[in-house]
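# Fold and geometry: a report
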Amino acid sequence: MSDRPDTASVASHAAEAGPLEGQVAAPVAEQRPVSWLFGLVYLLANLAGNCVLLPVIIFLIPYQVNLLDPVHHVSSLALVQSVGGVFALLATPLAGAISDRSRARLGRRRLWLLIHMLCACLALLLLRFAPSILVIVAGWSLLQFFGGALLTVLQAIIPDRVPLNQRGLISALVGLAIPLAAVLGGVIVAVIFRSSYLAAYYPLGAALIASILLCVLVYREEPGSVGPALPFRLKAFLARFWVNPRQHPDFAWAFITRLLLFLGYFAVATYIQYYLKDGLHYEQLFPGKKVLDGTLAVQSIETLLILICSFGAGWLSDRLGRRKPLVIVAALLVMLALLTPVVLPTWGGVQLFAALLGAGYGAYLAVDTALITQVLPSAADYGRDLGLINLALSIPLILSPALGGLLINSLGYTGLFLVGAGIVLLSALMVLPIKSVR
């Protein structure tokens with residue numbers, strides 16, 4: 001299929017923004033609608049990219065950490081998560097900016113999809129055979145770096161290729177891939193490989209290889225869609241990572257609201273397996289069941305609601321031409337979800353928590369991703385700008401494990417849920433100052 005990467009709707013941004021260091025800005029062309037094949041392949045690529053991250057940290061790494069350090073598993077998991085988050089923090093802006101200025105016969109996005117895919121698979125092998133907590137820290141850090149870089153390059157394809165009136169729907173596919181990855185990965189780990197959990201690393205890597213190769217075969221970048229590369233200058237390249245919040249306030253507000261929501265969400269999500277084990281005492285409530293069974297049930301409920309609400313919210317935001325009200329409502333649903341286990345500390349309460357979280361999180365991921373593509377500062381730097389906005393995910397990945405562990409150890413799981421809900425409420429309020437998007 002033929003793909004043209006720029007859109008007339010961002011021509012004014014391209015005119016006022018200089019080209020990325022090492023690149024001559026390309027002329028802005030009108031984007032044609034994307035096909036169902038593009039959507040399917042793009043969903044599969046995002047699904048596999050998330051499958052090597054989410055099931056690993058939700059199911060496999062907590063299981064491995066608990067085996068290696070059963071006494072201090074909360075603190076050890078916080079260490080793994082926090083160090084890995086630092087590598088994710090480095091990966092997203094670098095991956096976007098480097099792919100922006102790359103020139104190769106394969107195309108600037110496809111080349112790096114292949115490189116990041118291969119490196120992520122090597123990190124999976126390291127985790128599979130990790131004999132200690134320190135090796136798990138190293139493996140997860142590498143996986144965070146290359147997995148996060150791969151997802152950043154994939155996300156840059158949206159403003160490259162997708163017209164505005166389809167971005168809500170395509171962004172919904174990105175949002176849908178996240179919970180689907182958690183559930184499908186959970187089925188692989190907790191059901192298919194129930195007798196040997198760690199063997200699940202192999203099919204996760206195989207799925208990544210197959211989906212990225214398919215994406216590279218289907219997605220095409222037209223020759224000449226970006227300008228020729230200029231000599232690389234490190235100082236100028238690094239300077240491009242600064243976006244002035246006074247000149248681009250909407251970009252800054254979008255960053256803040258996303259950072260707060262992910263901080264509140266991941267502070268809780270990181271420890272949901274341990275909440276079921278230590279807070280709810282799942283295995284005592286259901287003799288013969290394992291904690292991973294309960295975790296999979298929670299992820300399944302959440303995914304069902306994300307499936308419904310992600311597509312529903314994405315379609316509605318495209319039809320109405322409005323993003324902000326839906327983002328605010330979605331954030332408030334996430335807040336209510338985090339409050340539910342405080343009011344109902346039962347298995348029924350956990351199921352309601354999962355349903356509300358799926359509804360809010362699914363709608364948020366779809367509509368907020370579409371909103372972000374409309375506040376990017378420069379048409380010449382889509383990859384860099386999306387890499388910067390993805391720091392709003394990477395920073396919580398560093399802070400949330402430490403925050404969650406501190407709250408659990410000092411205030412218990414009730415304190416964890418209450419503080420998480422308060423942070424998400426702030427996220428909803430920070431959407432209001434965004435002016436350029438309705």
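### Focus: the overall build of the protein chain
- Scanning the protein chain from N- to C-terminus turns up 17 helices and zero strands.
- Split into buried and exposed, the 438 residues of the protein chain put 58% on the buried side.
- Of the contacts formed within the protein chain by residues at least 6 apart in sequence, a portion of 84% connects residues at least 24 apart.
- In the structure as shown, the protein chain presents an accessible area of about 16700 Å², 71% of it carried by carbon and sulfur atoms.

### A few points about helix H10 (residues 249-269)
- Along its 21 residues, H10 runs 30 Å from first to last C-alpha, staying within 8% of the 30 Å computed at 1.5 Å per residue.
- Along H10, 15 of the 21 residues are buried, which leaves the element largely enclosed by surrounding structure.

### Examining the nonpolar core
- One finds Val-56, Ile-61, Leu-143, Phe-353 and Tyr-361 to be the most contacted residues of the largest nonpolar core, which totals 127 residues.
- Element by element, the count of residues in this core is highest for helix H6 (residues 133-161), at 13 residues.
- Ignoring any residue separated from it by four or fewer positions in sequence, one finds Val-56 in contact with Ile-61, Pro-62, Leu-124, Leu-127, Trp-140, Leu-143, Tyr-201 and Leu-204.

### Overview of unusual backbone geometry
- Even without being a glycine, His-281 presents a positive backbone phi close to 60°.
- Along the polypeptide, His-281 turns up in the loop between helix H11 (272-279) and helix H12 (282-285).

### Description of the packing of helix H7 (residues 164-192) against helix H15 (residues 347-373)
- In the contact formed by H7 and H15, the axes pass within 8 Å of each other and the chain directions differ by 135°. Overall, the two elements H7 and H15 adopt an arrangement that is oblique. As for how H7 packs across H15, the hand of that crossing is right-handed. Listed contacts from H15 to Arg-167, Gly-168, Ser-171, Ala-172, Gly-175 and Ile-178 of H7 are Tyr-361, Leu-365, Ala-366, Thr-369, Ala-370 and Thr-373.

### Let's talk about the packing of aromatic side chains
- Counted according to the given criterion, the structure contains 15 aromatic pairs.
- Relative to Phe-266, the ring of Phe-262 lies with its centre 5.8 Å away and its plane at 35°, an arrangement referred to as tilted. One end of the pair, Phe-262, and the other, Phe-266, are both in helix H10, four residues apart, so they sit about a helical turn from each other.
- For Phe-262, a relative accessible area of 4% gives the class buried.
- An aromatic cluster is present here, built from Phe-262, Tyr-265, Phe-266 and Tyr-361 joined pairwise through their rings.
- The ring of Phe-129 carries the charged tip of Arg-128 above its face, separated from the ring centre by 4.7 Å.

### Structural notes on the side chain of His-116
- Position of His-116 relative to the elements: it lies in helix H5 (residues 108-128).
- For His-116, the contacting residues outside a window of four places in its chain are Ala-95, Phe-146, Ala-149, Leu-150 and Val-153.

### Here's the deal with empty space enclosed by the protein
- Applying the stated rule across the entire model yields two cavities of 30 Å³ or more.
- Approximately 750 Å³ is the volume found for the largest cavity.
- Taken together, 41 residues form the lining of the largest cavity, with Asn-50, Leu-54, Ile-178, Phe-266 and Leu-393 sitting closest to its centre.
- The element contributing the most residues to the lining of the largest cavity is H6, with six residues.

### Quick look at the pattern of salt bridges
- Taken as a whole, this structure holds five salt bridges when the rule is applied.
- Of the charged contacts in the structure, one is a salt bridge between Arg-109 and Asp-160, with a shortest N-O distance of 2.7 Å. Residue Arg-109 is found in helix H5, and its partner Asp-160 is found in helix H6; the two are separated by 51 residues along the sequence.
- The exposure class of Arg-109 is buried, given its relative accessible area of 0%.
- Here Asp-368 ties to Arg-258 by a salt bridge, and the two come within 2.8 Å at their closest N and O atoms. Placement of Asp-368 in helix H15 and of Arg-258 in helix H10 is noted, with a sequence separation of 110 residues between them. In terms of burial, Asp-368 and Arg-258 fall into one category: buried.

### Structural notes on a nonpolar patch on the surface
- On the surface, a cluster of nonpolar side chains totalling about 480 Å² of accessible area is made up of Trp-36, Leu-37, Leu-40, Leu-44 and Leu-214.
- With four residues, helix H2 (residues 36-51) is the single largest residue contributor to the nonpolar patch.
- Locating Trp-36 in the fold gives a position in helix H2.
- With a relative accessible area of 68%, Trp-36 lands in the exposed category.

### Some remarks on the environment of Gly-147
- Among the secondary structure elements, Gly-147 is positioned in helix H6.
- The class for Gly-147 is buried, based on a relative accessible area of 4%.
- Beyond its immediate sequence surroundings of up to four residues, Gly-147 is in contact with Leu-53 and Ala-120.

### Thoughts on the environment of Leu-418
- Within the fold, Leu-418 resides in helix H17 (residues 391-429).
- The spacing of Leu-418 and Gly-264 is 154 residues in sequence and 9.6 Å in space, taken between C-alpha atoms.
- Once residues lying within four places of it in the same chain are set aside, the contact partners of Leu-418 are Leu-339 and Val-342.

### A few points about the confidence of the model for the protein chain
- For the protein chain, per-residue confidence averages 82 on the pLDDT scale, and residues scoring 70 or more make up 85% of the total.
- Predicted confidence is poor over residues 1-29, with pLDDT under 50, and the contacts of this stretch with residues over four places away or in other chains come to 100 contacts.

What counts and how
Per chain, the residues get numbers from 1 upward, laid out in the order the sequence is written. With pLDDT at 70 or above as the cut-off, local features in this predicted model cover only qualifying residues; side-chain atom pairs require 80 or more to be listed or tallied, and sums for whole chains, interfaces and linings still use all residues. Side-chain metrics rest on all non-hydrogen atoms present in the structure, leaving aside hydrogens and water. Secondary structure elements follow DSSP: runs of H or I of four or more residues count as helices, runs of E of two or more count as strands, with numbering from the N terminus. Residue burial is assigned from relative accessible area. The probe radius is 1.4 Å, only protein chains are included, and a residue is buried under 20% of its type maximum, exposed over 50%, and partly exposed in between. Every residue pair with non-hydrogen atoms within 4.5 Å of one another is taken to be in contact. Exposure was quantified through the Shrake-Rupley algorithm and a 1.4 Å probe, taking into account, for residues, occlusion by the shown protein chains and nothing else. By this rule the span expected of a helix is its residue count minus one, scaled by 1.5 Å. Joining through side-chain atoms within 4.5 Å is the link that ties buried Ala, Val, Leu, Ile, Met, Phe, Trp, Tyr and Cys residues into a set, and such a set is a nonpolar core. Note on geometry: axes are lines fitted to C-alpha atoms, helical ones only across the stretch in contact, with angles between N-to-C directions running from 0 to 180 degrees. Angles are sorted into four bins: roughly parallel if under 35 degrees, roughly antiparallel if over 145, roughly perpendicular if 65 to 115, and oblique for all others. Note on convention: the crossing is left-handed when the near helix lies turned anticlockwise from the far helix by less than a right angle, right-handed when the turn is clockwise. Here a Phe, Tyr or Trp ring, Trp counted by its six-membered ring, pairs with any other such ring whose centre lies within 6.5 Å, and the pair is stacked when the planes are under 30 degrees apart, edge-to-face when over 60, and tilted otherwise. Only lysine NZ and arginine CZ atoms are considered, and such an atom sits over a ring when it is within 6 Å of the ring centre and within 35 degrees of the ring normal. The rule is simple: put a 1 Å grid over the protein atoms alone, call a set of points where a 1.4 Å probe fits but cannot get out a cavity, call an open set with protein on both sides within 12 Å along at least five of seven lines a pocket, and count a residue as lining if it has an atom within 4 Å of a point. Grid points are joined across faces, edges and corners, and a volume is the space filled by probe spheres set on the points. What makes a salt bridge here is a side-chain nitrogen of Lys or Arg within 4 Å of a carboxyl oxygen of Asp or Glu, nothing more. The patches described consist of residues with a relative accessible area above 30% and no salt bridge, like charges being joined within 9 Å and nonpolar side chains (Val, Leu, Ile, Met, Phe, Trp, Tyr) within 5 Å. As a per-residue quantity, pLDDT reports the predictor's confidence and falls between 0 and 100.

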